[in-house]
Amino acid sequence: MPNIETDTTLWRVIETPPARGAWNMAVDEAILEASARGDVPPTLRLYSWEPACLSLGYAQPLEDADTARLQANGWEMVRRPTGGRAILHTDELTYSVCGPVAHPILAGDILTSYRRLSEAILEALNLLGLSVQALPKELAPKGPQTDPVCFEVPSNYEITANGKKLVGSAQARRRDGVLQHGTLPLFGDLTRITQVLHFEDEARRETAAARLLERATTVENVLEQTVTWNQAAEAFKAAFAKVLGLSLQPASLTDEEIARAEELDVTKYQVLK
């Protein structure tokens, strides 16, 4: 195998089965740590969630979530290691990218590396038959900055289809490593998230749901046909290889990554603060 310290085109691609929210976030962080140390190559991970899970940004108030409603639905909640606002993870493809901060694709500031990765995501969506674009923040549809829902908040180079947000991504940069992860809603009712967030009254809940449908969409809504998780995953792998010039090697988590994820699952991600 080429030396992972010198061959910047060699990446792992890991597809993991549907899992709990705490485990998914623990795995992302375990990969971040291992890839930052150079123990493993930079990694594209593709995954999903079971059961549905509400994730909060690392600085988002816990009070934004309605835990009673979450429990009534049998859904979970986790806090992400990245910023942003709430996302309900269900009926989607989730991706994560982890690697050393000095890697040519991940180097620079958040916006620079985000734009590089966005080019690959745009190509993946094109391969699925979607017409999409990435807009600078000043041209993106505006949303209330206090809204707890991620898909209503504009960010730089938002990926949109027909003027509506399609992909939500966030990045965390540490001293030695970078984690970017994001979600592509494949189908389903986007307004389900408003049923598990706190609002002052039901009128505001209904307004938030209507506003969300005006500003966000799913792959199924755009194409008027269902795209499966496997189809989306294949498009992501092909696009990352083509656009970023990568040699993606199918892999599994190492024993060390699994052990670290098990530790983080219990000590960090099952603890909500």
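Cut-off values and rules
Residues numbered from 1 in each chain as written. Predicted model: local features only at pLDDT ≥ 70, side-chain atom pairs only at ≥ 80, totals over all residues. Heavy atoms only, no water. Helix = DSSP H or I, 4+ residues; strand = E, 2+ residues; numbered from the N terminus. Buried < 20%, exposed > 50% of the residue type's maximum accessible area, 1.4 Å probe, protein only. Polar contact = N/O pair within 3.5 Å; in protein donor to acceptor, adjacent residues only side chain to side chain. Contact = heavy atoms within 4.5 Å. Expected span 1.5 Å × (residues − 1). Core = buried A, V, L, I, M, F, W, Y, C linked by side-chain atoms within 4.5 Å. Pairing = 2+ DSSP bridges. Right-handed = clockwise from strand over helix to strand, strands pointing away. Phe/Tyr/Trp six-rings, centres within 6.5 Å; stacked < 30°, edge-to-face > 60°. Lys NZ or Arg CZ within 6 Å of the ring centre and 35° of its normal.

*Asks:* Before we go on, may I ask you to explain the side chain of His89 in this structure?
*Replies:* Following the sequence through the fold, His89 ends up in strand 5 (residues 87–89). Classification of His89 by relative accessible area gives buried; the value is 3%. Among the polar contacts made by the side chain of His89, one reaches the side chain of Ser55 at a distance of 2.7 Å. Residues within four places of His89 in sequence aside, it is in contact with Trp49, Ala52, Cys53, Ser55, Thr94 and Thr183.

*Asks:* Would you explain helix 6 (residues 229–244) in this entry?
*Replies:* Count 3.6 residues to each turn of an α-helix, and residues three or four apart come out pointing the same way. Between the first and last C-alpha of helix 6 there are 22 Å, a value that for 16 residues agrees with the 22 Å anticipated at 1.5 Å per step. Looking only at helix 6, the buried set comprises Trp229, Ala232, Ala233, Ala235, Phe236, Lys237, Ala239, Phe240 and Leu244. Residues of helix 6 that are buried in the fold lie against strand 1 (10–15), strand 2 (43–47), strand 6 (92–100), helix 3 (110–127), strand 10 (177–185) and strand 11 (247–250).

*Asks:* How should I be thinking about the nonpolar core in this particular structure?
*Replies:* Counting residues in each nonpolar core, the largest one holds 38 residues, and the members touching the most others are Leu46, Leu125, Leu166, Leu184, Phe236 and Phe240. At eight residues, the largest contribution of residues to this core is made by helix 6. Residues contacting Phe240, with those up to four places away along its chain left out, are Leu44, Val97, Leu117, Ala120, Ile121, Gly245, Leu246 and Leu248. Counting residues in hydrophobic clusters, the runner-up holds 18 residues, among them Met25, Ala26, Ile31 and Ala261.

*Asks:* Just checking my understanding: could you explain the side chain of Arg12 for this structure?
*Replies:* The residue Arg12 is located in strand 1 in this model. By relative accessible area, Arg12 is classed as buried at 6%. Looking at Arg12, its side chain comes within polar contact range of the side chain of Thr43, at 2.9 Å.

*Asks:* When you look at the pairing of strand 4 (residues 76–79) in this model, what are you seeing that I'm missing?
*Replies:* Every regular strand shows the same layout, with side chains that alternate between the two sheet faces. Bridge count for strand 3 (residues 53–56) against strand 4 is four bridges, and the pairing is parallel. Its bridge partner lying in strand 4, Leu56 is registered against Arg79. Handedness of the strand 3-helix 2 (residues 67–73)-strand 4 crossover: right-handed.

*Asks:* How should unusual backbone geometry be read in this particular structure?
*Replies:* Keep in mind that most residues, glycine aside, have a negative phi and that most peptide bonds are trans. The omega torsion across Glu50 and Pro51 is 0°, close enough to zero to call that bond cis. Relative to the assigned elements, Pro51 resides in the loop between strand 2 and strand 3. Residue Asn162 is not a glycine yet carries a positive backbone phi of 55°. Positive phi outside glycine occurs at Glu224, with the angle close to 60°.

*Asks:* Just to check I follow, could you spell out the packing of aromatic side chains for this structure?
*Replies:* Aromatic ring pairs are defined here through the distance separating the ring centres and the angle between the ring planes. Under the criterion given, the structure shown has three aromatic pairs. Centroid distance Tyr47 to Trp49: 6.0 Å. Interplanar angle 40°. Geometry classified as tilted. Since its relative accessible area comes to 7%, Trp49 is described here as buried. Ring centres of Phe236 and Phe240 lie 6.2 Å apart, and the angle between their planes is 20°; this geometry places the pair in the stacked category. You can see Phe236 and its partner Phe240 sitting in helix 6, four residues apart, about one turn around the helix. Of the two residues, Phe236 and Phe240, neither departs from the other in class, the shared state being buried. In textbook terms, an aromatic cluster arises when at least three aromatic residues are bridged by ring pairs, as seen for Tyr95, Phe236 and Phe240. Looking at Arg45, its charged tip hangs above the ring of Tyr47, at a distance of 3.6 Å from the centre.

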